[in-house]
Amino acid sequence: MNILDKIIFDKQREVVLKKSIIPVSQLESSVFFERETISLSQKLRTSSTGIIAEHKRRSPSKSVINHSFTVEEVVKGYENAGACGISVLTDGKYFGGSLDDLLLARASVNIPLLRKEFIVDEYQILEAKAHGADLILLIAAVLTREEIKSLSEFAKKLGLEVLLEVHNQEELEKSIMPTLDMIGVNNRNLKTFEVSLDFSKQLASQIPDDFVKVSESGISSIEAISELRPYGYSGFLIGENFMKTDNAGKAATEFISKL
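A few points on the structure. (Residues numbered from 1 in each chain as written. Predicted model: local features only at pLDDT ≥ 70, side-chain atom pairs only at ≥ 80, totals over all residues. Heavy atoms only, no water.)

**Let's talk about the packing of aromatic side chains**
And then number 1: With the rule as written, the count across this model stands at three aromatic pairs.
And then number 2: Measuring from ring centre to ring centre gives 5.9 Å for Tyr78 and Phe242, while their planes differ by 55°; the resulting arrangement is tilted. Pair noted here: Tyr78 is in helix α4 (residues 71–81) and Phe242 is in helix α11 (residues 240–243), with a separation of 164 residues, a long-range link.
And then number 3: Judged by its relative accessible area of 1%, Phe242 is buried.
And then number 4: Centre to centre, the rings of Phe242 and Phe255 are 5.6 Å apart; their planes meet at 75°, and the pair counts as edge-to-face. (Phe/Tyr/Trp six-rings, centres within 6.5 Å; stacked < 30°, edge-to-face > 60°. Helix = DSSP H or I, 4+ residues; strand = E, 2+ residues; numbered from the N terminus. Buried < 20%, exposed > 50% of the residue type's maximum accessible area, 1.4 Å probe, protein only.)

**Some points on the side chain of Glu54**
And then number 1: By secondary structure assignment, the location of Glu54 is in strand β1 (residues 51–55).
And then number 2: At 2.8 Å, the side chain of Glu54 and the side chain of Lys116 are in polar contact.
And then number 3: Residues within four places of Glu54 in sequence aside, it is in contact with Tyr78, Ser87, Leu89, Lys116, Leu237, Ile238, Gly239 and Met243. (Polar contact = N/O pair within 3.5 Å; in protein donor to acceptor, adjacent residues only side chain to side chain. Contact = heavy atoms within 4.5 Å.)

This is the structure we're talking about:
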């Protein structure tokens with residue numbers, strides 16, 4: 001069993017447990033449930049930088065990245081730096097995140113928030129909406145075409161945008177459908193954790209222009225972004241590069257100002 005399989009196995013059990021504790025009606029009564037969401041895809045189409053900055057405490061490949069910031073400090077720093085949106089990891093076991101992080105981020109900033117999570121069930125999309133997210137992530141590697149279709153349709157009904165993450169041509173081909181807003185290419189192989197920008201370059205021409213193209217993982221320099229832009233990418237998800245510094249907001253400000 002690779003790390004991704006382990007995460008999904010644990011996630012399915014976690015969702016069953018959560019459903020037994022917090023009913024859907026409680027999620028639907030959240031103050032954020034009627035909130036008008038902010039479109040990340042529109043922001044990326046008109047932005048000159050396209051940075052989606054990430055709040056991430058740790059990861060299976062790097063263990064601890066940073067535990068010393070508060071969520072508010074990080075997300076306010078990112079907003080002030082000029083990020084187009086913020087990705088908030090909510091997985092607890094493997095990434096040290098939580099839905100509280102999303103809630104605190106929503107209370108602190110007024111830019112699009114992505115719930116970065118391993119989504120396997122509509123219940124998690126309701127959670128995302130109830131905790132102030134504007135968009136969700138769906139990972140093609142762990143979902144069938146039918147699941148991507150039903151989950152993305154459900155998200156759209158709630159007014160959430162959908163970023164679909166792919167890693168190879170097979171995943172891309174099974175996933176393309178009108179209920180997606182953005183297609184992200186993960187430069188990190190989720191099974192081996194090897195990172196290469198070639199993944200983004202190879203898949204770029206296969207992604208229809210109806211979707212905003214996002215490159216994720218392994219982007220740590222201005223040069224990487226300059227390399228990817230000619231391939232049609234207008235969004236760049238950066239996490240570790242900012243989080244591993246003493247001041248994520250300052251690191252993001254310096255990075256974005258160079259763009």
